[in-house]
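Understanding the architecture of this molecule
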Amino acid sequence: MKAMVLKSFGGPESLELCDVPRPVPDSGQVLVRVHATSINPLDFQVRRGDYPDLMQLPAITGHDVSGVVEEVGPGVTHFSPGDEVWYTPQIFDGPGSYAEYHVATESIIGKKPASLSHLEAASLTLVGGTAWEALVVRAALRVGENILVHGGAGGVGHVSIQLAKAMGARVFTTVREANFEFARSLGADVLIDYKKDDYVDAIMRETGGRGVDVVFDTIGGNTLSRSPDTLAQLGRVVTIVDIAQPQNVIQAWGKNASYHFVFTRQNRGKLDELSALIERGQLQPYVGAVYSLADIPLAHARLESLNNGVQGKIAIAVDSRLIS
């Protein structure tokens, strides 16, 4: 089978399209013919060597799968050949999704929502699971609360806005003015152009000085450092970004705030919850660009670049017939 293989840590040129053996499902495993995958910031972080102790090279990376069951191993009861499925491969535990076939444990695989194309489904598994764990499990967002979603036009951000609205929250988000219409279409209530307006001042102005109940940080750095300044009493900060610099949490301490650090875990339950929202019309992934398997290095380079013009996710058509 064809697979995009990471030969060494470095730039996009470190990825090479190769012929590798097709995997064989073991007991409790499912072999999936991958129709689509997508690109996440985690992908280029792995590629450039941010987690060298967790990656043994050469490696097939990638963290989203939408495809069709090709074969099942002994003991599999939930799936049969021909089933359309979606899932996030176990992160840092075996080959990823940049390949024509992938093997996964049955327990992390879900039935693909019928209303989604493979490209749409592949763009949602990791970011959707991350948003669910951040807002539902960790932040315990409640009806009527205020939430600030940093980076609302991005992969995790555009899903988080929709999820927060489905949970009955009032959503504030930071985006460039060029993305206002997109964020508003997702359900965002208050749009803050972080290039022109100080988001802390904007939050306090819009909430009458009270602040927001939850901050969901997808950016890190100075964004995470200043997020406590936007919090109401007993507020919660949830971040999916590595802590790359010391944090002064005196503001959070004064507000009795809690911090949650999320590295998403894989399970079928989250996928089933997301499927229910999709069926009710409350969640729709947005594919901003599509590349082929062979062009994954180009997709990496684009996602890494500032102001890349991509709204939502970059999807990869492993099955070339998906490229229109």
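About the cut-offs
Residues numbered from 1 in each chain as written. Predicted model: local features only at pLDDT ≥ 70, side-chain atom pairs only at ≥ 80, totals over all residues. Heavy atoms only, no water. Helix = DSSP H or I, 4+ residues; strand = E, 2+ residues; numbered from the N terminus. Rg over C-alpha atoms; globule rule 2.2 N^0.38 Å. Contact = heavy atoms within 4.5 Å. Buried < 20%, exposed > 50% of the residue type's maximum accessible area, 1.4 Å probe, protein only. Arc of directions from axis to C-beta. Polar contact = N/O pair within 3.5 Å; in protein donor to acceptor, adjacent residues only side chain to side chain. Axes fitted to C-alpha atoms, helices over the stretch in contact; angles between N-to-C directions. Parallel < 35°, antiparallel > 145°, perpendicular 65-115°, else oblique. Left-handed = near helix turned anticlockwise from the far one by under 90°. Nonpolar A, V, L, I, M, F, W, Y, C, P; charged D, E, K, R; others polar. Phe/Tyr/Trp six-rings, centres within 6.5 Å; stacked < 30°, edge-to-face > 60°. Lys NZ or Arg CZ within 6 Å of the ring centre and 35° of its normal. Pairing = 2+ DSSP bridges.

A look at the overall build of the protein chain
Secondary structure assignment for the protein chain yields 10 helices and 16 strands. The C-alpha atoms of the protein chain give 20 Å as radius of gyration, which agrees with the globular expectation for 324 residues (20 Å, within 12%). Along the three orthogonal principal directions, the C-alpha set of the protein chain runs to about 60 × 40 × 35 Å. The long-range fraction of contacts in the protein chain, counting pairs at least 24 apart against all pairs at least 6 apart in sequence, stands at 69%.

Regarding helix H6 (residues 199–206)
Along an α-helix, residues three or four apart share an orientation, since each turn contains 3.6 residues. All of the buried residues in H6 are Tyr199, Val200, Ala202 and Ile203. The buried side chains of H6 occupy one side of the element, clustering within an arc of 165° when seen end-on. In this structure, the buried residues of H6 make contact with strand E9 (146–150), strand E10 (170–175), strand E11 (190–193), strand E12 (212–217) and helix H7 (222–226). Two to three positions downstream of the cap, the backbone nitrogen of Val200 sits 3.0 Å from a side-chain oxygen, assigning the N-cap of H6 to Asp198. At the C-terminal side of H6, Gly208 shows a positive phi close to 65°.

Looking at the packing of helix H3 (residues 125–138) against helix H4 (residues 155–166)
Angle between the axes and distance between the axes: these two values describe a pair of packed helices. The contact between H3 and H4 brings their axes to 9 Å, and the two run at 50°. If you check the angle between H3 and H4, you find them oblique. Judged by the twist between their axes, the crossing of H3 over H4 is right-handed. Side by side, H3 and H4 meet where Val127, Gly128, Thr130, Ala131, Trp132, Leu135 and Val136 of the first sit next to Gly155, Val156, Val159, Ser160, Leu163 and Ala164 of the second. Of the residues in the contact of H3 with H4, the class split is 9 nonpolar, 4 polar and no charged.

Some details on the packing of aromatic side chains
In this description, a pair of aromatic rings is defined by centroid distance and the angle of the planes. Scanning the entire structure with this criterion turns up 4 aromatic pairs. With centroids separated by 5.3 Å and ring planes inclined at 55°, the aromatic side chains of Tyr51 and Phe92 adopt a geometry described as tilted. Of the two residues, Tyr51 is situated in the loop between helix H1 (41–48) and strand E4 (59–60) and Phe92 in the loop between strand E6 (84–87) and strand E7 (101–105); the sequence distance between them amounts to 41 residues. Tyr51 sits in the buried class, given a relative accessible area of 15%. In textbook terms, an aromatic cluster arises when at least three aromatic residues are bridged by ring pairs, as seen for Tyr51, Phe92 and Phe263. Above the plane of the ring of Tyr101 lies Arg22, whose end atom (NZ or CZ) is 4.7 Å from the centre. We note Arg226 situated over the ring of Tyr199; from NZ or CZ to the ring centre the distance is 5.5 Å.

Observations regarding the side chain of Thr264
Residue placement: Thr264 occurs in the loop between strand E14 (258–261) and helix H9 (268–279). Taking relative accessible area as the criterion, Thr264 reaches 9% and is therefore assigned buried. Of the polar contacts made by the side chain of Thr264, one reaches the side chain of Lys270; its length is 2.8 Å.

Points about the sheet that holds E14
An order of E11-E10-E9-E12-E13-E14 is seen for the 6 strands of this open sheet, with the pairing classed as parallel. Looking at the sheet topology across the chains shown, the edges are occupied by E11 and E14. The sheet shows a mean angle of 15° between the axes of neighbouring strands, taken without regard to direction. Note: E12 against strand E13 (residues 231–239), 5 bridges, orientation parallel. Bridging across to E13, Val215 finds its partner in Val237.

Some words on the pairing of strand E16 (residues 313–317)
Among the 5 residues in E16, 5 count as buried, and that is most of the element. By the alternation rule, side chains of E16 split into Lys313, Ala315 and Ala317 and Ile314 and Ile316, which are all buried. Relative to E16, strand E3 (residues 29–39) is paired through 4 bridges, and the arrangement is antiparallel. Within the sheet, the bridge partner assigned to Ile39 lies in E16 and is Ile314. Here strand E15 (residues 287–292) runs beside E16; their pairing, made up of 5 bridges, is parallel.

A look at the sheet that holds strand E1 (residues 2–6)
What the 3 strands build is an open sheet, ordered E2-E1-E4; its pairing is antiparallel. Lying at the two open borders of the sheet, with one neighbouring strand each, are strand E2 (15–19) and E4. Examined bridge by bridge, E1 and E2 share 5 bridges and lie antiparallel to one another. Counterpart to Met4 in the pairing with E2 is Leu17.

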